[in-house]
Amino acid sequence: EYVWAFPKKDEFEEVRMRYRSIFSSGNSIKDPVVIDFVQQQNLSKYLLDPWTVEKFEEDFRPWVNAGKNYKLHNFELFKYIGFSAGTQESFLNYYLMNAKKRMRVFKGDYWWHMDIWEKAGINWAYIEDDDIQENDACICSYPFALTGDKHKDFDWLVDECNQKNVSLMVDFIYLPNSTDCVDIDLNAPCIQEITFSFSKTFPVQCAKIAVRMMKHKPQDPMQMSNDENICNRLSAGLAHSIIQQFPIDYMVTKYKDKQTHWCNKLGLTQTKVVHFGLGDDYTNFGRDTADSWCSPFNEQQGRYNLGML
């Protein structure tokens, strides 16, 4: 990741592409201790262990429960846990199982949703642009991807979805790196599905490690892979070794003071996610929407990823 961040050529377009990808990315802090730990792992041994994925899934819940920086009330209701090849696999299965519904997100949430919906011809609309209706299916990150804090209308969204019998997937994408912003009652009927990402917490994004938890056992392709025990054992084994070595609040404990330092140094507003700061859109000058990093829906350039610093 460090090497990739440097331009191949000393040309303007190459440099611009790299800085956009670095500072608008949501990926994790490249912590040298974790990188060294990962590099020392003998992953091939996990291929020979048929219980690799199950061991990770069993230990994931107590690992999350040990966190002190957030409150997940009624977390125990999510009895079914499944390994996911990145949260994108969970999202794709959510799209598939709600194929006849209209997908909904707040503006500023993970741009990948909107990009896929457009390319796949899936019916969707921003939550700000229309009422929540019975044939909708919603997704919301918490902490919210754009701001590194609770979305101001999150509680309203939960109430609307409960009243109209609409499903709400809650994406705890930045939960491990957050402080004092997540306080949620997961007993809400609309919340049947939650997801967790490792790539935003640890420098293992290309290992595609994530978790989906549900109140009731799902019947979709992802669950079939879990039932058949054909998930990626290399990634699951790596994930299991990481949670045994590093507590869930490792990054917050280590980098909170550094976040404060860099936000003060750069004149940014400190967020409740440890590797983010908020400021002016650093691509405002000489850019149009078509030049957004990766996708025209990626409008998160006011959120700075401090990880490389």
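The rules we used
Residues numbered from 1 in each chain as written. Predicted model: local features only at pLDDT ≥ 70, side-chain atom pairs only at ≥ 80, totals over all residues. Heavy atoms only, no water. Helix = DSSP H or I, 4+ residues; strand = E, 2+ residues; numbered from the N terminus. Rg over C-alpha atoms; globule rule 2.2 N^0.38 Å. Buried < 20%, exposed > 50% of the residue type's maximum accessible area, 1.4 Å probe, protein only. Contact = heavy atoms within 4.5 Å. Areas by Shrake-Rupley, 256 points an atom, 1.4 Å probe, with all protein chains shown as cover. Axes fitted to C-alpha atoms, helices over the stretch in contact; angles between N-to-C directions. Nonpolar A, V, L, I, M, F, W, Y, C, P; charged D, E, K, R; others polar. Pairing = 2+ DSSP bridges. Phe/Tyr/Trp six-rings, centres within 6.5 Å; stacked < 30°, edge-to-face > 60°. Lys NZ or Arg CZ within 6 Å of the ring centre and 35° of its normal. Salt bridge = Lys/Arg side-chain N within 4 Å of Asp/Glu carboxyl O. Lys, Arg positive; Asp, Glu negative; His and termini not counted. Polar contact = N/O pair within 3.5 Å; in protein donor to acceptor, adjacent residues only side chain to side chain.

Asks: Would you explain the overall build of the chain in this entry?
Replies: The helix and strand tally for the chain stands at eleven helices and twelve strands. In summary, the chain has a C-alpha radius of gyration of 19 Å against a globular reference of 19 Å for 309 residues, a match within 12%. Considering the chain as a whole, with its 309 residues, one finds that 55% of them fall into the buried category. The long-range share in the chain, meaning contacts at least 24 apart out of those at least 6 apart in sequence, stands at 73%. In the structure as shown, the chain presents an accessible area of about 14,700 Å², 52% of it carried by carbon and sulfur atoms.

Asks: What exactly am I supposed to notice about the packing of helix H3 (residues 32-39) against helix H11 (residues 250-266) here?
Replies: Between two packed helices, both the angle of their axes relative to each other and the distance between the axes serve to describe the pair. Relative to each other, H3 and H11 sit at 145 degrees, their axes nearing to 11 Å. In contact with Pro32, Val33 and Val34 of H3, H11 contributes Tyr250, Met251, Lys254 and Tyr255. Grouping the constituent residues of the contact of H3 with H11 by class yields six nonpolar, no polar and one charged.

Asks: Can you help me understand the sheet that holds strand E12 (residues 303-305) in this one?
Replies: In a beta sheet, neighbouring strands are held together by backbone hydrogen bonds and run either parallel or antiparallel to one another. Across the sheet, which stays open at both edges, the three strands sit in the order E10-E11-E12 with antiparallel pairing between neighbours. Looking at which strands have only one partner, the edges of the open sheet turn out to be strand E10 (269-270) and E12. The sheet contact formed by strand E11 (residues 276-278) and E12 spans three bridges and is antiparallel. In the strand pairing of E12, Gly277 is matched with Tyr304.

Asks: Would you mind going over the packing of aromatic side chains with me for this structure?
Replies: Geometrically, a pair of aromatic rings is defined through the distance of the ring centres and the angle of the planes. The full count for this structure, using the stated rule, is 27 aromatic pairs. Considering the side-chain rings of Phe60 and Phe196, the 5.2 Å spacing of their centres and the 70 degrees angle between planes classify their relative orientation as edge-to-face. Of this pair, Phe60 sits in helix H5 (residues 52-65) while Phe196 sits in strand E8 (residues 193-197), placing them 136 residues apart in sequence. One exposure class covers both Phe60 and Phe196, and it is buried. Centroid distance Phe198 to Phe202: 6.0 Å. Interplanar angle 45 degrees. Geometry classified as tilted. Take Phe198 and Phe202: they sit in the same class, and that class is buried. Here the basic side chain of Arg61 rests over the ring of Phe75, its NZ or CZ set 5.6 Å away from the ring centre.

Asks: I'm lost on the pattern of salt bridges in this one. Help?
Replies: If the charged atoms of two oppositely charged side chains come close together, the side chains can form a pair. In this structure the tally under the stated criterion is 14 salt bridges. Across the salt bridge formed by Glu193 and Arg212, the nearest N and O atoms sit 3.9 Å from each other. Here Glu193, found in strand E8, pairs with Arg212, found in strand E9 (residues 210-214); they are 19 residues apart in sequence, far enough to count as distant. Overall, Arg212 belongs to the buried group, its relative accessible area being 3%.

Asks: Would you mind going over the environment of Ser24 with me for this structure?
Replies: By secondary structure assignment, the location of Ser24 is in helix H2 (residues 12-24). Spatially, the C-alpha atom of Ser24 lies 30 Å from that of Met214, the residues being 190 residues apart in sequence.

Asks: Any chance you could explain the pairing of E8 here in plain terms?
Replies: A regular strand places its side chains so that they alternate between the two faces of the sheet. With five of five residues buried, E8 lies mostly within the body of the structure. Burial along E8 is two-sided: the face carrying Glu193, Thr195 and Ser197 and the face carrying Ile194 and Phe196 are both buried. The pairing of strand E6 (residues 167-171) with E8 spans three bridges and is parallel. Following the sheet pairing, Asp171 is matched in E8 by Thr195. The pairing of E8 with E9 spans five bridges and is classified as antiparallel. Bridge pairing in E9 links Ser197 to Ala210.

Asks: When you look at the side chain of Asp171 in this model, what are you seeing that I'm missing?
Replies: Residue position: Asp171 is located in strand E6. Notably, Asp171 is buried but unbridged: the nearest opposite-charge side chain belongs to Lys200, and the N-O separation is 7.7 Å. Reaching out from Asp171, the side chain makes a polar contact with the side chain of Thr195 at a distance of 2.9 Å.

Asks: What should I look at first to understand the environment of Arg102 in this one?
Replies: As for its position among the elements, Arg102 is in strand E3 (residues 102-105). Its relative accessible area of 13% is what places Arg102 among the buried residues. Along the sequence, Arg102 and Gln192 sit 90 residues apart, while their C-alpha atoms lie 17 Å from each other. Side chain to side chain, Arg102 and Asp136 meet in a polar contact 2.8 Å long.

Without other data, these values stay purely geometric and don't point to any function.
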